[in-house]
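Okay, here's what each chain looks like letter by letter:
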Amino acid sequence: KHQEEWAEYLKIPVEYENSIGMKFRLIPPGEFLCGLSEENVAVLEARYRDTSIQDEAKLRDELRVRFTPQIRIILTKPRYVGITEVTQAQFESIIGTNPSEFTPTKKPEAAGIDTRNFPVERLSLTDSARFCVELSKRADFSPCYSLDNDGSSIDGNGYRMLTDAEWEFACRAGTLTQFSTGNSSADLTRAAWWTNSSDQRTHAVGERQSNGFGLYDLHGNVWEWCSDWYDEQYYSRSPRVDPTGPETGSSRVLRGGAWDQRAGTVRCAFRSYGAPNVREHYRSGFRVVVQ
């Protein structure tokens, strides 16, 4: 209803499709509690005292620095956000190559599978920025990234990756639970390809349950690059309105988890990070937003 009211006010459709068949949903302005509630923090602290996890350092960063207490963030501008992660076919139609590792030619287990609608992966942030630049040019928009400096943002009006705050707002879609569909593993499996449901590989986008905004695969499948530089203490001093991340850094934010991740790292609130020029073994992809 919130989407429909904003679409009517702006006199634009709730759903938009571009020239290469990428679909977008209107995400209205709004505010949300960024991060974990005190109850969720207590549950996670108790769980991880007794369990060794792959991303323990990142979890402790999340609990200690960014997400205790929760922070209210306000986003003032409507955006069209990609319904799914960018697919192999979409990426190849713009860039001319498909870097993905999970394809029939590279993975024996993919033999006989049409992977064109699987998320493109094994991408660096700069690969993702290049796609956004080329797609923007094709649509006669001004690019939002400079490709000369690790995909740094510039003042364009075209396609781009989501900011960290935009990503969490879009993922939550008004919810306060650990996942957009609830708190349990069963709730997560309805929405995500994660270690308990993925058969240890990526899957075609849009096959699991969407969230309240009509977006798919925000949990699991592949990590999604965001445009922000990563700083573990950024949200302790950031603007509360339309934050866009630190001005500089050495790593960029990754969100949403991947096909081989446990429930703890595919939550709405969890963020990871990576060097912008690193291409990780078929785990990292992205989705786009158009202004």
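Thresholds applied
- Residues numbered from 1 in each chain as written.
- Predicted model: local features only at pLDDT ≥ 70, side-chain atom pairs only at ≥ 80, totals over all residues.
- Heavy atoms only, no water.
- Pairing = 2+ DSSP bridges.
- Helix = DSSP H or I, 4+ residues; strand = E, 2+ residues; numbered from the N terminus.
- Buried < 20%, exposed > 50% of the residue type's maximum accessible area, 1.4 Å probe, protein only.
- Axes fitted to C-alpha atoms, helices over the stretch in contact; angles between N-to-C directions.
- Contact = heavy atoms within 4.5 Å.
- Core = buried A, V, L, I, M, F, W, Y, C linked by side-chain atoms within 4.5 Å.
- Expected span 1.5 Å × (residues − 1).
- Phe/Tyr/Trp six-rings, centres within 6.5 Å; stacked < 30°, edge-to-face > 60°.
- Lys NZ or Arg CZ within 6 Å of the ring centre and 35° of its normal.

Novice: How do you make sense of the sheet that holds strand S9 (residues 223–229) when you look at a structure like this?
Specialist: Two pairing modes exist for strands in a sheet, parallel and antiparallel, and in both the strands are linked by backbone hydrogen bonds. Taking strand neighbours across the sheet as the criterion, the 4 strands line up as S11-S10-S9-S12 in an open arrangement whose pairing is mixed. Strands at the two margins of the open sheet, each flanked by one partner only, are strand S11 (271–274) and strand S12 (284–285).

Novice: Would you explain unusual backbone geometry in this entry?
Specialist: A negative phi angle is the norm for most residues apart from glycine, just as the trans form is the norm for most peptide bonds. Even without being glycine, aspartate 140 reaches a positive phi, approximately 60°. One can find aspartate 140 in the loop between helix H5 (125–138) and strand S6 (145–146). Under the relative-accessibility criterion, aspartate 140 is labelled exposed at 70%. Unusually for a residue other than glycine, aspartate 199 sits at a positive phi of about 60°.

Novice: Looking at this model, I keep getting lost on the sheet that holds strand S1 (residues 15–17). Mind explaining?
Specialist: Read across the open sheet, the 5 strands follow the order S1-S2-S5-S13-S8; overall the sheet is antiparallel. Bordering the open sheet on either side are S1 and strand S8 (159–161), each of which pairs with just one other strand. Within the sheet, the average angular offset between the axes of one strand and its neighbour, ignoring direction, is 35°. Two elements, strand S5 (residues 79–82) and strand S13 (residues 288–290), share 2 bridges in a ladder whose sense is antiparallel. Bridge pairing in S13 links tyrosine 80 to valine 290. Of the strands in this sheet, S8 and S13 touch H5, which is tilted by about 165° from S8.

Novice: Sorry if this is basic, but what is going on with the nonpolar core here?
Specialist: Most often, soluble globular proteins keep nonpolar side chains buried together rather than apart. Of all hydrophobic cores here, the largest spans 36 residues; its most connected members are Val86, Phe91, Phe131, Phe286 and Val288. Going through the elements one at a time, strand S2 (23–27), helix H4 (88–95), H5, S8, S9 and S13 are the ones with two or more residues in this core. By residue number, the principal contributor to this core is H5, which donates 6 residues. Leave out the neighbours within four places in its chain, and phenylalanine 91 touches Val86, Gly96, Thr97, Pro99, Val120, Leu123, Asp127, Phe131 and Phe286.

Novice: Is there a simple way to explain H5 in this structure?
Specialist: Residues separated by three or four positions in an α-helix point in the same direction, a consequence of the helix having 3.6 residues per turn. Helix length check: H5, at 14 residues, gives a terminal C-alpha distance of 20 Å against a target of 20 Å (1.5 Å per residue), a fit within 8%. Burial analysis of H5 places 10 of its 14 residues in the buried class, which makes it a mostly covered element. If you check which residues of H5 are buried, you get Leu125, Thr126, Asp127, Ser128, Ala129, Phe131, Cys132, Val133, Leu135 and Ser136. Those residues of H5 hidden inside the fold are in contact with H4, S6, S8, S9, strand S10 (252–255) and S13. Of the residues flanking the end of H5, it is aspartate 140, one or two places downstream, whose phi is positive at about 60°.

Novice: What am I meant to see in the packing of aromatic side chains here?
Specialist: Remark: the centre distance and the inter-plane angle together describe each pair of aromatic rings, the angle taken between the planes. Scanning the model with the defined rule gives 15 aromatic pairs in all. On the numbers, 5.9 Å between centres and 50° between planes, the contact of phenylalanine 169 with phenylalanine 213 is tilted. Of this pair, phenylalanine 169 sits in helix H6 (residues 164–172) while phenylalanine 213 is found in the loop between helix H7 (185–191) and S9, placing the two residues 44 residues apart along the sequence. Here phenylalanine 169 and phenylalanine 213 have matching classes, each one buried. Centroid distance tryptophan 223 to phenylalanine 270: 6.4 Å. Interplanar angle 45°. Geometry classified as tilted. Here phenylalanine 270 lies in the loop between S10 and S11 and tryptophan 223 lies in strand S9, a separation of 47 residues in the sequence. Taken as a pair, tryptophan 223 and phenylalanine 270 share a single burial class, namely buried. Taken together, the ring pairs connect Tyr16, Phe24, Tyr80, Phe141 and Tyr159 into an aromatic cluster. One Lys or Arg, arginine 208, reaches over the ring of tryptophan 193 and ends 3.8 Å from the middle of that ring. Lying across the ring of tryptophan 229, arginine 252 places its NZ or CZ 3.7 Å from the centre.

Novice: Sorry, what's going on with the pairing of S9 here?
Specialist: Looking along a regular strand, one sees side chains alternate from face to face of the sheet. In terms of residue burial, S9 counts as a mostly covered element, since 7 of its 7 residues are buried. Residues Trp223, Trp225, Ser227 and Trp229 line one face of S9 and the alternating positions Glu224, Cys226 and Asp228 line the opposite face, and both faces are buried. Pairing of S9 with S12 involves 2 bridges; the strand directions are parallel. Along S12, the bridge assignment pairs glutamate 224 with glycine 285. Sheet topology note: the S9/S10 ladder contains 3 bridges and is antiparallel. Looking at the pairing, tryptophan 229 lines up with arginine 252 of S10.

The analysis is restricted to geometry; functional conclusions fall outside its scope.
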